[in-house]
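Below, each chain spelled out in residue letters.
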Amino acid sequence: MGQMNVELAGNILLVLFSIFCLVQIIYYLFIFSKLAFYKKKNTVLKTDPVSVIICARNELKNLRVNLPLILDQDYPNYQVIVVNDCSWDESAKALEEYEDAYPQLKVVTIQEQERYKHGKKFALALGIKAAAHEILLLTDADCHPAGKNWLREMTQNISEIKDIVIGYGAYEKTPGLLNKWIRFDTVFNAMQYLSNAIGSNAYMGVGRNLCYKKPLFFKNKGFASHYHILSGDDDLFINETATSNNVSVEINPESFTYSKPKESFGSWMTQKKRHVNTGNFYKIKHRLMLGTFYFSQIFFYLTLATLLILKIKIEIVISIYLLRLLIQLFILGKSAQKLKELDVVWLTPLFDIFIILIYPILAISNLFIKNKKWK
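A few points on the structure. (Residues numbered from 1 in each chain as written. Predicted model: local features only at pLDDT ≥ 70, side-chain atom pairs only at ≥ 80, totals over all residues. Heavy atoms only, no water.)

### Brief notes about the overall build of the protein chain
And then number 1: The helix and strand tally for the protein chain stands at 13 helices and ten strands.
And then number 2: Expected size for 375 residues packed as a compact globule is a radius of gyration near 21 Å; at 22 Å, the protein chain falls within 12% of this value.
And then number 3: Here the C-alpha coordinates of the protein chain stretch approximately 85 × 50 × 40 Å along the principal axes.
And then number 4: For the protein chain, with 375 residues in total, the buried portion stands at 53%.
And then number 5: Counting only contacts in the protein chain whose residues sit at least 6 apart along the sequence, the fraction spanning at least 24 positions is 85%. (Helix = DSSP H or I, 4+ residues; strand = E, 2+ residues; numbered from the N terminus. Rg over C-alpha atoms; globule rule 2.2 N^0.38 Å. Buried < 20%, exposed > 50% of the residue type's maximum accessible area, 1.4 Å probe, protein only. Contact = heavy atoms within 4.5 Å.)

### Thoughts on unusual backbone geometry
And then number 1: Positive phi, close to 60°, is recorded for C86, a residue that is not glycine.
And then number 2: Position of C86 relative to the elements: it lies in the loop between strand 2 (78-85) and helix 4 (91-101).
And then number 3: If you check the backbone angles, K313 has positive phi at about 45° while not being a glycine.
And then number 4: For K313, the location among the structural elements is in the loop between helix 11 (284-310) and helix 12 (314-338).

### What to know about the sheet that holds strand 1 (residues 50-56)
And then number 1: Here seven strands make up an open sheet; going across it, the order is 3-2-1-4-8-6-9 and the pairing mixed. Edge positions in the open sheet fall to strand 3 (105-110) and strand 9 (247-249), since each of these has one partner strand only. Taking the axes of each pair of neighbouring strands and ignoring which way they run, one obtains an average angle of 20° across the sheet.
And then number 2: Bridging between strand 4 (residues 135-140) and strand 8 (residues 210-213) involves four bridges; their strand directions are antiparallel. Counterpart to I135 in the pairing with strand 8 is K213.
And then number 3: Sitting on the sheet, helix 3 (residues 60-71) touches strand 1, strand 2, strand 3 and strand 4, and the angle it makes with strand 2 is about 160°.
And then number 4: Packed onto the sheet, helix 4 meets strand 2 and strand 3 and runs at close to 155° relative to strand 3. (Pairing = 2+ DSSP bridges. Axes fitted to C-alpha atoms, helices over the stretch in contact; angles between N-to-C directions.)

### As for the pattern of salt bridges
And then number 1: Applying the stated criterion across every chain yields a total of 14 salt bridges.
And then number 2: The salt bridge partner of E153 is K40, with a shortest N-O separation of 3.9 Å. Taken together, the residues span a long stretch of sequence, with E153 in helix 6 (residues 150-155) and K40 in the loop between helix 2 (33-36) and strand 1 at a distance of 113 residues.
And then number 3: We classify K40 as partly exposed; its relative accessible area is 33%.
And then number 4: Across the pair E341 and R183 runs a salt bridge, and its minimum N-O distance is 2.7 Å. Separated by 158 residues along the polypeptide, E341 in the loop between helix 12 and helix 13 (348-368) and R183 in helix 7 (residues 177-198) bring together distant segments of the chain.
And then number 5: Judged by relative accessible area, which is 2%, E341 ranks as buried.
And then number 6: On the accessibility criterion, R183 (1% relative accessible area) is buried. (Salt bridge = Lys/Arg side-chain N within 4 Å of Asp/Glu carboxyl O.)

### A few points about the sheet that holds strand 7 (residues 169-171)
And then number 1: Strand order in the open sheet formed by three strands is 5-10-7, and the pairing between neighbours is mixed. Here the strands that pair on one side only, and so sit at the sheet edges, are strand 5 (143-145) and strand 7. Direction aside, the axes of adjacent strands within the sheet are offset by 35° on average.

### Let's talk about helix 4
And then number 1: Those residues of helix 4 not exposed but buried are S91, A94, L95 and Y98. Across the axial projection of helix 4, the buried residues extend over an arc of 95°, all falling on one side. Residues of helix 4 that are exposed and point over 90 degrees away from its buried face: K93, E96 and D100.
And then number 2: Those residues of helix 4 that are buried lie in contact with helix 3, strand 2 and strand 3. (Arc of directions from axis to C-beta.)

### Notes on the packing of aromatic side chains
And then number 1: Summed over all chains, the structure comprises 30 aromatic pairs.
And then number 2: Residues Y27 and F32 carry aromatic rings whose centres are separated by 5.7 Å and whose planes lie at 50° to one another, so their mutual orientation is tilted.
And then number 3: Residue class for F32 comes out buried when judged on its relative accessible area of 2%.
And then number 4: Ring geometry for Y168 against F256: centres 5.2 Å apart, planes inclined by 75°, an arrangement best described as edge-to-face. Taken as a pair, Y168 in the loop between strand 6 (164-166) and strand 7 and F256 in the loop between strand 9 and strand 10 (257-259) lie far apart in primary sequence, 88 residues in all. Across the pair, exposure class does not vary: Y168 and F256 are buried alike.
And then number 5: The side chain of R324 reaches across the aromatic face of F300, ending 4.7 Å from its centre. (Phe/Tyr/Trp six-rings, centres within 6.5 Å; stacked < 30°, edge-to-face > 60°. Lys NZ or Arg CZ within 6 Å of the ring centre and 35° of its normal.)

### Concerning the environment of I161
And then number 1: Take I161: it is sitting in the loop between helix 6 and strand 6.
And then number 2: Note on I161: relative accessible area 55%, which makes it exposed.
And then number 3: In the structure, I161 is positioned 123 residues away from Y38 in sequence and 20 Å away in space, judged by C-alpha atoms.
And then number 4: In this structure, I161 is in contact with N245 and N246, ignoring residues within four places of it in sequence.

### A look at helix 3
And then number 1: With twelve residues, helix 3 extends 16 Å between its outermost C-alpha atoms, agreeing within 8% with the 16 Å of an ideal straight helix rising 1.5 Å per residue.
And then number 2: For helix 3, the complete set of buried residues consists of L63, N66, L67, P68, I70 and L71. (Expected span 1.5 Å × (residues − 1).)

Written out as structure tokens, the structure is:
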């Protein structure tokens, strides 16, 4: 009788493992594959005037390196607005020099006020209000474009119908496992949000590389509905304003931006904790979609580990695992190839497990520790 119960429990566990695997495969084949097989439609060459918005607080070093690359874009009609948000370094002096040298640069300065503390959303809103043009292209002070055609590539898809263009914000390649993990995590998330956007279900974008129309911002009353939340100037705004037909994506390598990755795991954790917390404010349908995927991933590995420890039908278990892994490597690999990040894919078996270990820690830490940093 006892042997029958053990065998029954093993069979039930194997069925559950198979179900979690099936859920994962469905996500990869029918949702996340859209980026992997995406082919951009030909667009009419346009040079509509554009306003680039950058918020900067104590970003002197980054401004010296990155701002000239944005001011030297191969584009006939654009302005660059830098919001100098209460900087106490030498940013103001440097920006004054650039303003003298580049007529397309406009600096908006915010002075520190003891009685009124604000976050990045306030600074960004001021920059948008100061923009002279309808098309806005947002990036960060620590980002630089892939080349001189960044502005042209990111704005080509804006039209009467398309109010939003979601781009890819990459991290520079440096030696070490931490860098590969950060870039893998970036690709893994990009595969999801870009595929969903291609599939008319956009739920986020990244402020490092995001384009939308100024009227859309004011129609949505800016960041009013989530102004009290420290983060979300990019993903929560897109989550609110994206519809099934007003979003386009741009993955031409010339449209990418690059920024320096965190140099310690602790600083990456602090940054990522804020992003994970912001996801709690997405629309319910998006939280359910993402939650189902991550929970199925967690329970896939939990049941896998249990079956292997108990040595239950090892051949079948390994075959199911390898089937999922091959499908994952194929879809993730093709996506990473489009994003010029193919070198991180070989670490998928390791990093895939790391995701189910670190993300729950991030979620739990948000319950006890609040991030109060501006950016």
